[in-house]
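# Coordinates in review
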Amino acid sequence: MAERVFDIRKQTGFTTIAFACFAMLYMPIILLVVYSFNAGTSIAIWEGFSWRWYASAWENEQVQEATLRSLVVALWASGISTTVAVLAALATTRTRRFRGQTAVFALINQPLMVPEIVTAVALLIFFAMIKVATGYTGLAYLILAHSAFCIPFAYLPIRARLQGMDLSLEQAAADLYATPFQVFRRVTLPQLWPGILAGAMLAFVISLDDVVITEFVKSAGQDTLPTYMLGQLRRVVTPEINAISTALLGISITMVIAYTLLSKFRK
Amino acid sequence: MTNAISARALRKVYPGNPPVEALGGVEIDIADNEFFTLLGPSGCGKTTILRLIAGFEHPTSGTLEMFGQSLLDLPPYKRQINTVFQSYALFPHMTVAENIGFGLEMLGRPKTEISQTVGEMMELVQMSHLADRQTGQISGGQQQRVALARALAPKPRVLLLDEPLSALDFKLRKNMQLELKRLQTETGITFIFVTHDQEEALTMSDRIAVMSDGAIRQIGSPREIYDHPADRFVADFIGDTNFLSADVVENRDGAATLRLGSGRTIAARAAQGVNGRVTIAVRPEHARLGTPAEGLLAGVLSDAVYFGTDTHFHVTLEDGTTFVLRQQNSPDSTAGFATGDPVGVCFPAEVAQVLRD
Ligand SMILES: Nc1ncnc2c1ncn2[C@@H]1O[C@H](COP(=O)(O)OP(=O)(O)OP(=O)(O)O)[C@@H](O)[C@H]1O
Ligand SMILES: [Mg+2]
């Protein structure tokens, strides 16, 4: 390969800065993981290796319940937000340019820009009104709230995929007597799957991880895993928290690996 | 008989800043069963015409008919027209056979008919052995043949081909030219073929439309276009040409007498009312070298370039311009002139074309 004219790695100090950044990013996480195996009850004093906190978390009924709730909410939220995101992405890439298209783009991505705490407070007040009016206090509020803020995360990869697609394929299908719906089902959708999958997984992880909005929106006894952990931190802190965090980390990493493998397999 | 395709005052302006006028009022009539070629330099609007006929773009104004029926409100999937795309546009998630069968499948034909037609088509383009390959795993030439088979399989009434041979190497290209011509004759489908290769246009077409800047400059058979170019652009774009200026001495209803730069006069055909200074075109192979006395033009032989089958002679005329002649070589002949010799350029008066400006 030809010598690069500009190779940032040759700048003095670059490697040091890079290592410092990585250390800042990953040292705390590594420590967290290490102490999840601590045999003692402290999260800072190492007393030998043990699985006891994993066992304890596994048997903790509150953790079980919160985990299940988190998964249910995340599944619904990623499903709903991905469906909406596909439709939104089609509407912003497969129609003739319309007035205010940029404004629509901004509106779809609004949850990325509005401070989360503002959305959370707004939802709290809004849902409180509905709760009073209807008397319903189920999980639907959480699912709806999560679906809403997950939309941009699902939307962006799907839109990127749609924009990168060769339009002449869709024209070729129409040329070969495919109706607009057939074009979508036979040509657009099969090529869109990697984007949809990426969007759904991203939405899933984002939902799984949310604290602020959940904390404001949840009704009594509707803790998700992150809000349960936050609650725990206010009391006695044991390495059980580390164990739960490590498990969550494991789920995220698995998703990323699964997605990478899937997209490679598709090619 | 109604025309396969007929366009009147067809205009297309692409919106933008500034808007681009890709076609400025085109008139075409393409007969049924015709091999019709759109020929012109890059950006002259060839693809735009095809996209309008296929239905991917709407004309800004004008009418467009297929067998007497207006196409204007018909979406692409309702037009019995198929396209071989400039980029092939094969479906990457389908096999060769699935690609070829796609049109028939969308038309809702029974499975047995589809697989039979697909089989025939693959045989026709010699792709049977690769039926189950993904289209990403075949060569450019093979992709091109699949694209052709895919467009032919539903037996459209009109086939649009956008520079389908441009990605092929010379030999495959020559083969495919003959193949396409044969296919068109056999199937009786009207072919509208786009190319910017003039030789390809001349060898394959029944008729050619020469385009430039969104307008059609001339429509005619290859012979008409080559032997009787209507204007300077056509004469220049198709083949090599010598341009000479001449003065009209007399023009009696198109039978004109012209005085060449050398002072000699010739009889030629010109449009009625053409007078004054005109440009005439003479093909290099229509002229031969002679002595200064017998030539219509006189000059000095400045160069002789040997090309195997023929030799190109460059003659510097008295007014300083260069006239190129092409003469076929025979084994034992020499032209009999050496560079630097005074020579004459001879051509029969009827090969001189008076051009419209
Ligand atoms: N979608 C578009 N938007 C704006 N201008 C366009 C568009 N498509 C084509 N044009 C312009 O219209 C003119 C004609 O384009 P067209 O593609 O028909 O040319 P062409 O004769 O097919 O050229 P080529 O031989 O390079 O394929 C060009 O000036 C081109 O820049
Ligand atoms: Mg083109």
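Numbering of residues starts from 1 in each chain and follows the order in which that chain's sequence is written. Following the order in which they are written, the chains are lettered starting with A and the ligands numbered starting with 1. Per-residue local features of the predicted model are confined to residues with pLDDT of at least 70, and side-chain atom pairs are confined, for both listing and counting, to 80 or more; whole-chain, interface and lining totals are unaffected and use all residues. With hydrogens and water set aside, each side-chain value is computed from the structure's full complement of heavy atoms.

- Chain A carries the name Spermidine/putrescine transport system permease protein PotC in an unreviewed UniProt entry, which gives Ruegeria pomeroyi as its organism.
- As recorded by UniProt, the Sequence similarities (unreviewed entry) comment attached to chain A reads in full: "Belongs to the binding-protein-dependent transport system permease family. CysTW subfamily."
- UniProt positions are given in the numbering used here, feature names are shortened, and annotations may be inferred rather than shown by experiment. The record in UniProt for chain A states the following under Function (unreviewed entry): "Required for the activity of the bacterial periplasmic transport system of putrescine and spermidine."

### What to know about the overall build of chain A
- Helix numbers and strand numbers start at the N terminus; a helix is a DSSP run of H or I with at least 4 residues, a strand a run of E with at least 2. Along its length, chain A carries twelve helices and zero strands.
- Each helix and strand of chain A, placed in order from N terminus to C terminus, yields the pattern α-α-α-α-α-α-α-α-α-α-α-α.
- Dimensions of chain A, computed from C-alpha atoms along their principal axes, come out at roughly 70 × 70 × 30 Å.
- For every residue, the accessible area (1.4 Å probe, protein chains only) is compared with the maximum for its type, and the residue is labelled buried under 20%, exposed over 50%, or partly exposed between those bounds. Looking at chain A residue by residue over its 267 residues, the buried ones come to 39%.
- Looking at charge distribution, chain A has the averaged site of its 20 positive side-chain charges lying 11 Å from that of its 15 negative ones. We treat Lys and Arg as the positive residues and Asp and Glu as the negative residues; His and chain ends play no part in the count. To locate a charge, the coordinates of NZ of Lys, CZ of Arg, CG of Asp or CD of Glu are taken.

### Quick look at the packing of aromatic side chains
- Classification of ring pairs rests on two measures: the distance between centres of Phe, Tyr or Trp rings, Trp counted by its six-membered ring, which must be within 6.5 Å, and the angle between planes, read as stacked under 30 degrees, edge-to-face over 60 and tilted in between. Inspection of every chain in the model, using the stated rule, returns 16 aromatic pairs over all chains.
- Cation placement over rings: the criterion is NZ of Lys or CZ of Arg within 6 Å of the ring centroid and within 35° of the ring normal. Residue placement shows K131(A) over the ring face of Y141(A); its charged tip is 5.1 Å from the ring centre.
- If you follow R232(B) out to its NZ or CZ, it ends over the ring of F243(B), 4.0 Å from the centre.

### Notes on the environment of K111(B)
Residue and element names in this part refer to chain B.
- By secondary structure assignment, the location of K111 is in helix α3 (residues 111-124).
- The exposed category is assigned to K111, whose relative accessible area is 75%.
- Distance in space between the C-alpha atoms of K111 and V158 is 24 Å, their sequence separation being 47 residues.

### Examining the side chain of Q177(B)
All names here are of chain B.
- Checked against the element boundaries, Q177 lands in helix α5 (residues 170-187).
- Classification of Q177 as buried rests on a relative accessible area of 6%.
- Counted as a polar contact is a pair of N or O atoms within 3.5 Å, where, for protein atoms, one must be capable of donating a hydrogen and the other of accepting one, and residues adjacent in sequence contribute only when both atoms are in side chains. Within the local environment of Q177, its side chain forms a polar contact with the side chain of E200, the two groups lying 3.0 Å apart.
- Excluding residues that lie within four positions of it along the chain, Q177 makes contacts with L165, E200, T203 and M204. Every residue pair with non-hydrogen atoms within 4.5 Å of one another is taken to be in contact.

### With respect to the layout of surface pockets
- Within this scheme a cavity is a closed region of a 1 Å grid, computed over the protein atoms alone, that accommodates a 1.4 Å probe without allowing it to escape, whereas a pocket is open but has protein on both sides within 12 Å along at least five of seven lines; lining residues each have an atom within 4 Å of a point. Grid points are joined across faces, edges and corners, and a volume is the space filled by probe spheres set on the points. The space that makes up the largest pocket amounts to roughly 1,100 Å³.
- Lining of the largest pocket is provided by 29 residues; of these, R94(A), T95(A), R96(A), Q171(A) and F56(B) occupy positions nearest its centre.
- Secondary structure elements with two or more residues in the lining of the largest pocket: α3 (61-93), α7 (140-164), α8 (167-175) and α9 (180-209) of chain A.
- Lys, Arg, Asp and Glu make up the charged group, whereas Ala, Val, Leu, Ile, Met, Phe, Trp, Tyr, Cys and Pro make up the nonpolar group; the residues left over, Gly among them, are polar. Tallied by class, the residues present in the lining of the largest pocket amount to 14 nonpolar, eight polar and seven charged.

### Side note on α8(A)
- Counting buried positions over the nine residues of α8(A) gives eight, a clear majority of the element.
- Those residues of α8(A) not exposed but buried are S168(A), L169(A), E170(A), Q171(A), A172(A), A173(A), A174(A) and D175(A).
- Looking at the buried residues of α8(A), the elements they touch are α9 of chain A together with α1 (46-54), β6 (81-84), α2 (96-106) and α4 (140-152) of chain B.
- Once α8(A) ends, the next one or two residues include Y177(A), with phi positive near 75°.

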